[in-house]
Amino acid sequence: MKSVAINGYGTIGKRVADAVEAQDDMKVVGVSKTRPNFESKSAVDKGYDLFIGIPEREQSFKDAGIEIAGTVDDMIQEADIIVDCTPGNIGVANLEKYKKEGVKAIYQGGEDHDLTGLSFNSFSNYDDSFGADYSRVVSCNTTGLTRTLHTLNPLCDIGKVRAVMVRRGSDPSEIKKGPINAIVPNPPKVPSHHGPDVKTVMDGVDITTMALLVPTTLMHQHNIMAEIKNDVAIDDVIDTLEKRSRVMLVEASKGLGSTAELMEYAKDLGRNRNDFYEIPVWQESINIVDNELFYMQAVHQESDVVPENIDAIRAMLEMEKDNEKSIAKTNKAMGIF
Ligand code: NAD
């Protein structure tokens, strides 16, 4: 049983904590917060030991009646691996702490690839992080792009990829970032960082991306155009996506024609936090024109990276050599299709 600590119990961190607890080969030894807000309280209510990221704030946690188990430095001592889910760019300072204590760490997509020199996706490059000390699970958008492109590459022999990503303006609880009433090219230049980021986990892929923000909080949406070198039928593409776990074919004609309806479906699935771990691909959108494959997909930004973090733990702690076995184990524990 491996001991996992989650530094940063926010949108991603709280989901990773629950996903770790759902496995039978790892456990949570602590989670961290910087403020005594409702997430701190619910972490303690769930039975997680809560450690504080800013020691000077100890009194404010006491004043709020929230029991703390120590500081992040104490938490690091107890863990075989840290999953760092602090906001982007804070990881640099944390890496010094982890190195000093000789503890392994997994970062998230808000950090640059250069921080660890290694990025992770369960399907495309699990082996690269096997036994590694530091790695980074790529962002929600990069994870979504990689899942479907890597699945389709053996069938299609993909050449140039172009993708336009319509991104949610903010996460649902982020009142300081949203709502926006605009369509914002983000960034207003080409490529967006997503294409280069896919290249960090999918060797040799030729991908260029553009991205914009829109006034929604539910999910991202991707429009993908990929040159294909093999002569492939649409049914083969559907069949290949259907067989891949963590990818789900959905049909607009069955009432799943929007991100809102997808999130309603996620509620019906009855999972923790109504999460949608799979990448839904609209079946009707799949088309091949000349030698180009087109499809549309969505990404539940709050949850698609969560199973990848579990597989990254297994790879880095050398708990499972075979990525497909880890993926299957994670899927089973989390009820992922
Ligand atoms: P968040 O703001 O929701 O949570 C971050 C948590 O870190 C907060 O709860 C905060 O209390 C805690 N924290 C711990 N130490 C801190 C410190 N020193 N300073 C400030 N806060 C500290 O962030 P998030 O959305 O969960 O993002 C975490 C990481 O995951 C980022 O790298 C982000 O880019 C990445 N990511 C986010 C999403 C998403 O859509 N939210 C998707 C994929 C990846």
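Residues numbered from 1 in each chain as written. Predicted model: local features only at pLDDT ≥ 70, side-chain atom pairs only at ≥ 80, totals over all residues. Heavy atoms only, no water.

Turning to the pattern of salt bridges, a few remarks are in order. Going through the model one piece at a time under the given rule, you end up with 25 salt bridges. Note that Arg273 and Asp18 form a salt bridge whose closest N and O atoms lie 2.9 Å from each other. In this pair, Arg273 is assigned in the loop between α10 (259-269) and β14 (279-282) and Asp18 in helix α1 (residues 11-21), connecting sequence segments 255 residues apart. A residue is classified by how much of its surface remains accessible, and Arg273, at 28% relative accessible area, is partly exposed. As a salt-bridge pair, Arg244 and Glu324 come within 3.0 Å of each other at their nearest N and O atoms. With Arg244 in the loop between α9 (234-243) and β13 (247-250) and Glu324 in helix α12 (residues 323-334), this pair connects stretches of sequence that are 80 residues apart. Owing to a relative accessible area of 17%, Arg244 belongs among the buried residues under this scheme. Linked through salt bridges whose partners overlap, the residues forming this network are Asp25, Arg147, Arg246, Glu308, Asp311 and Arg314. (Salt bridge = Lys/Arg side-chain N within 4 Å of Asp/Glu carboxyl O. Helix = DSSP H or I, 4+ residues; strand = E, 2+ residues; numbered from the N terminus. Buried < 20%, exposed > 50% of the residue type's maximum accessible area, 1.4 Å probe, protein only.)

Attention now moves to the site of the ligand. Close to the ligand lie 19 residues, the nearest being Thr11, Ile12, Lys33, Arg168 and Asp171. Within the contact set of the ligand, an oxygen atom lies 3.0 Å away from a side-chain nitrogen or oxygen of Thr11. Between the ligand and the protein, one listed contact pairs an oxygen atom with a side-chain N or O atom of Lys33 at 2.6 Å. At the level of secondary structure, the elements contributing two or more residues to the shell around the ligand comprise α1 and β2 (26-33). (Near = heavy atom within 4 Å. Polar contact = N/O pair within 3.5 Å; in protein donor to acceptor, adjacent residues only side chain to side chain.)

Let us now look at the pairing of strand β9 (residues 158-168). Sheet topology note: the β9/strand β12 (residues 220-228) ladder contains seven bridges and is antiparallel. Residue Ala163 lies in a different strand from β12, and its bridge partner there is Ile224. Where β9 lies against strand β11 (residues 206-214), nine bridges are found, and the strand directions are parallel. Each residue of the ladder has a partner; that of Arg162, found in β11, is Thr208. (Pairing = 2+ DSSP bridges.)

Counting residues in hydrophobic clusters, the biggest one holds 40 residues, and the most contacted among them are Ile6, Val31 and Ile313. Elements with a minimum of two residues in this core: β1 (2-7), α1, β2, β3 (50-52), β5 (81-84) and α11 (306-316). Per-element tally for this core: the top contributor is α11, with six residues. Mapped onto the domain boundaries, this core takes at least three residues apiece from domain 1 (2-138 + 305-334) and domain 2 (141-299). (Core = buried A, V, L, I, M, F, W, Y, C linked by side-chain atoms within 4.5 Å. Domains from an automatic or database assignment.)

Attention now goes to the state of the cysteines. Enumeration according to the criterion identifies zero disulfides in this entry. Cys140 provides the cysteine sulfur closest to Cys85, a residue in no disulfide bond, and the two sulfurs are 13 Å apart. (Disulfide = S-S within 2.5 Å.)

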